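Architecture at a glance
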Amino acid sequence: MDAAEIEFLSEDVEIKIIPQFSHSKPIHFIRGSYGPFKAGIPQAVPLFVAIDLKRKKMCTIEQPHWLTKEYLKNRLKQEKQDTDMFQPIHFHYLEIALQLLNVARDDIEDDNDIHLLLEDIENVRSRKLTKGLQKLSKPILGFRTNNISAMEINRNRDFVTKSLQTIYDKFADREESEDDDSDMDEDEDEDMNIEAEY
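Residues numbered from 1 in each chain as written. Predicted model: local features only at pLDDT ≥ 70, side-chain atom pairs only at ≥ 80, totals over all residues. Heavy atoms only, no water.

**Focus: the overall build of the chain**
Helix and strand counts for the chain come out as six helices and five strands. Walking the chain from its N terminus toward its C terminus, one meets helices and strands in the order α-β-β-β-β-α-β-α-α-α-α. Within the chain, the proportion of its 198 residues that are buried is 33%. Taking contacts inside the chain between residues at least 6 apart in sequence as the whole, the part at least 24 apart equals 70%. As displayed, the chain has an accessible area near 12800 Å², and 50% of this comes from carbon and sulfur atoms. (Helix = DSSP H or I, 4+ residues; strand = E, 2+ residues; numbered from the N terminus. Buried < 20%, exposed > 50% of the residue type's maximum accessible area, 1.4 Å probe, protein only. Contact = heavy atoms within 4.5 Å. Areas by Shrake-Rupley, 256 points an atom, 1.4 Å probe, with all protein chains shown as cover.)

**Quick look at the nonpolar core**
Residues Ile 17, Ile 61, Leu 67, Leu 100 and Leu 118 are the most contacted members of the largest nonpolar core, which totals 35 residues. Taken together, the elements giving at least two residues each to this core come down to β1 (14-19), α2 (47-55), β5 (59-61), α3 (69-81), α4 (93-103), α5 (111-135) and α6 (150-197). Examining the composition of this core, we find that six residues originate from one element, α4, more than from any other. Setting aside residues up to four positions removed in sequence, Leu 118 forms contacts with Leu 67, Leu 72, Tyr 93, Ala 97 and Leu 101. (Core = buried A, V, L, I, M, F, W, Y, C linked by side-chain atoms within 4.5 Å.)

**With respect to α4**
Burial runs high along α4: eight of the eleven residues are buried. Regarding α4, the residues found buried are Tyr 93, Leu 94, Glu 95, Ile 96, Ala 97, Gln 99, Leu 100 and Leu 101.

**A word on the packing of helix α1 (residues 3-10) against α4**
Relative orientation of the contacting elements α1 and α4 amounts to 80°, with a least axis distance of 9 Å. Considering their axes alone, α1 and α4 lie roughly perpendicular with respect to each other. Of the residues in α4, those touching α1 at Ile 6, Glu 7 and Ser 10 are Glu 95, Ile 96 and Gln 99. Of the residues assigned to the contact of α1 with α4, the class counts are two nonpolar, two polar and two charged. (Axes fitted to C-alpha atoms, helices over the stretch in contact; angles between N-to-C directions. Parallel < 35°, antiparallel > 145°, perpendicular 65-115°, else oblique. Nonpolar A, V, L, I, M, F, W, Y, C, P; charged D, E, K, R; others polar.)

**What to know about the packing of aromatic side chains**
Taken as a whole, this structure holds three aromatic pairs when the rule is applied. Relative to Tyr 34, the ring of Phe 29 has its centre 6.2 Å away and its plane inclined at 55°; by these criteria the two rings are tilted. For Tyr 34, a relative accessible area of 13% puts it in the buried group. Of the aromatic side chains, those joined through ring pairs into one cluster are Phe 29, Tyr 34 and Phe 48. A cation sits over an aromatic face here: Lys 128 above Phe 86, 5.6 Å from the ring centre. (Phe/Tyr/Trp six-rings, centres within 6.5 Å; stacked < 30°, edge-to-face > 60°. Lys NZ or Arg CZ within 6 Å of the ring centre and 35° of its normal.)

**Overview of unusual backbone geometry**
The omega torsion of the bond from Gly 35 to Pro 36 falls at 5°, within 30 degrees of zero and hence cis. For Pro 36, the location among the structural elements is in the loop between β3 (32-34) and β4 (43-46). Of note, Asp 110 is a non-glycine position whose phi angle comes to about 60°, a positive value. Relative to the assigned elements, Asp 110 resides in the loop between α4 and α5. If you check the backbone angles, Asn 147 has positive phi at about 70° while not being a glycine. Mapping Asn 147 onto the fold places it in the loop between α5 and α6. When its relative accessible area of 32% is taken as the criterion, Asn 147 is described as partly exposed.

Remember, this is a structural readout, not a statement about activity or role.
Here is the structure:
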């Protein structure tokens, strides 16, 4: 799955809009129905609907609570303090945030600061992932990446896969070497038994 596909999936996430129109009947989509709409009354809709209406100047978009300056500053602080664990964050935070900043920047308070905070958070979390892989000292059946977002998984997939493969190869070689040493010891024991019989 590439970045465009992940962004497409994120567009099903519901966000709130303030419609600038009224419509007495629900609007039907494949994944559900939304409405009726009344001008000035908040309404939850999928992101793709919100973006379409915003482009048509038919709504404003409510800034998600996890996309406020205060929330992101606190999240960045926690990410830096806890060097081992990833902090909980919206699974599609990067995709949604970038789309909203692109289409509805006038609805996002502190938009420039938020853009910088998102970059800082992504960089800290990326370094944390790299550091975590470097710490591995034994083969594992899985690698815990709790609270990793969809786009972070996508962007780091190749690096994680190659790193884990290197770790497994390293320990596979070590086990093979130990098996060879064990076989040599068994051969020596057999030779000694044969000599003892004679």
